[in-house]
Amino acid sequence: MSALRPPARGGSASPASACALPARAASSSSPNVCPSCAASGGARESELFDIVAGFVHSQVLYALVELRVLHLVAEGPQTVQALAAATGLAPERMQLLLQGAPR
């Protein structure tokens, strides 16, 4: 099993070379999906999305901790403008950060 690729949902490890994505062989039904990914029913795309989403969520959490936003809201509800002023961010950027935070 590859250290970078988790076991497939069926239980066995999937080899990294199973995806023919670089070849981008076009099929009539789905021109933007390689044949092996199309045959897997989109499982690889789903796994990749999960990995990327996890990374994004970790970066949002890191920013919230670094900016001490969690400490600020622990004192009580705050407006976006108040949080932005306390952290030195533009209000638009604070709004984006808060929208990315897990609920």
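Residues numbered from 1 in each chain as written. Predicted model: local features only at pLDDT ≥ 70, side-chain atom pairs only at ≥ 80, totals over all residues. Heavy atoms only, no water.

Enquirer: How do you make sense of the overall build of the chain when you look at a structure like this?
Expert: A count of helices and strands for the chain gives 5 helices and 0 strands. Out of the 103 residues belonging to the chain, those deemed buried represent 16%. Sequence-distant contacts in the chain: of pairs separated by 6 or more residues, those separated by 24 or more amount to 32%. A total of about 7400 Å² of accessible surface is found on the chain, and carbon and sulfur atoms cover 62% of it. (Helix = DSSP H or I, 4+ residues; strand = E, 2+ residues; numbered from the N terminus. Buried < 20%, exposed > 50% of the residue type's maximum accessible area, 1.4 Å probe, protein only. Contact = heavy atoms within 4.5 Å. Areas by Shrake-Rupley, 256 points an atom, 1.4 Å probe, with all protein chains shown as cover.)

Enquirer: Just to check I follow, could you spell out the packing of helix 4 (residues 80–87) against helix 5 (residues 91–100) for this structure?
Expert: Two measures define how a pair of helices packs: the angle their axes make with one another and the distance between the axes. One way to put it is that helix 4 packs onto helix 5 with a least axis distance of 8 Å and a crossing angle of 110°. Accordingly, the angle class assigned to the pair helix 4 and helix 5 is roughly perpendicular. Packed against helix 4, whose contacting residues are Val80, Leu83, Ala84 and Thr87, the element helix 5 presents Pro91, Met94, Gln95 and Leu98 at the interface. Looking at the contact of helix 4 with helix 5 residue by residue, the class counts come to 6 nonpolar, 2 polar and no charged. (Axes fitted to C-alpha atoms, helices over the stretch in contact; angles between N-to-C directions. Parallel < 35°, antiparallel > 145°, perpendicular 65-115°, else oblique. Nonpolar A, V, L, I, M, F, W, Y, C, P; charged D, E, K, R; others polar.)

Enquirer: Looking at this model, I keep getting lost on unusual backbone geometry. Mind explaining?
Expert: For Arg68, which is not glycine, the phi dihedral falls at a positive 60°. With respect to the secondary-structure elements, Arg68 resides in the loop between helix 2 (43–66) and helix 3 (69–74). Given the relative accessible area of 48%, Arg68 is considered partly exposed.

Enquirer: Where do I start with the packing of helix 2 against helix 5 in this structure?
Expert: Axis separation between helix 2 and helix 5 bottoms out at 9 Å; the angle between their running directions is 125°. By the angle class used here, helix 2 and helix 5 are oblique. Classified by chirality, the crossing of helix 5 by helix 2 is left-handed. Counting all contacts with helix 2, which are made through His57, Val60, Ala63 and Leu64, the residues of helix 5 involved are Leu97, Leu98 and Gly100. Residues of the contact of helix 2 with helix 5, tallied by class, amount to 5 nonpolar, 2 polar and no charged. (Left-handed = near helix turned anticlockwise from the far one by under 90°.)

Enquirer: Before we go on, may I ask you to explain the nonpolar core in this structure?
Expert: Where a protein is soluble and globular, its nonpolar side chains tend to be buried together. Within the largest apolar cluster, 9 residues are counted, these being Val60, Leu64, Val69, Val80, Leu83, Ala84, Met94, Leu97 and Ala101. Listed by contribution, the elements that provide at least two residues to this core are helix 2, helix 4 and helix 5. Sequence-distant contacts of Met94, that is, excluding residues within four places in its chain, are made with Val69, Val80, Leu83, Ala84, Thr87 and Leu89. (Core = buried A, V, L, I, M, F, W, Y, C linked by side-chain atoms within 4.5 Å.)

Enquirer: Help me out: how do you make sense of the confidence of the model for the chain in this one?
Expert: Close inspection of predicted coordinates is inappropriate in any region flagged by low pLDDT. For the chain, mean pLDDT is 76; residues scoring 70 or higher make up 60% of the total. Element-level mean pLDDT values for the chain span from 63 in helix 1 (residues 35–39) up to 97 in helix 4. Counting contacts from residues 1–7, a segment whose pLDDT is below 50, to residues more than four positions away or on other chains yields 10 contacts. Predicted confidence is poor over residues 10–17, with pLDDT under 50, and the contacts of this stretch with residues over four places away or in other chains come to 11 contacts. (pLDDT = per-residue confidence, 0-100.)

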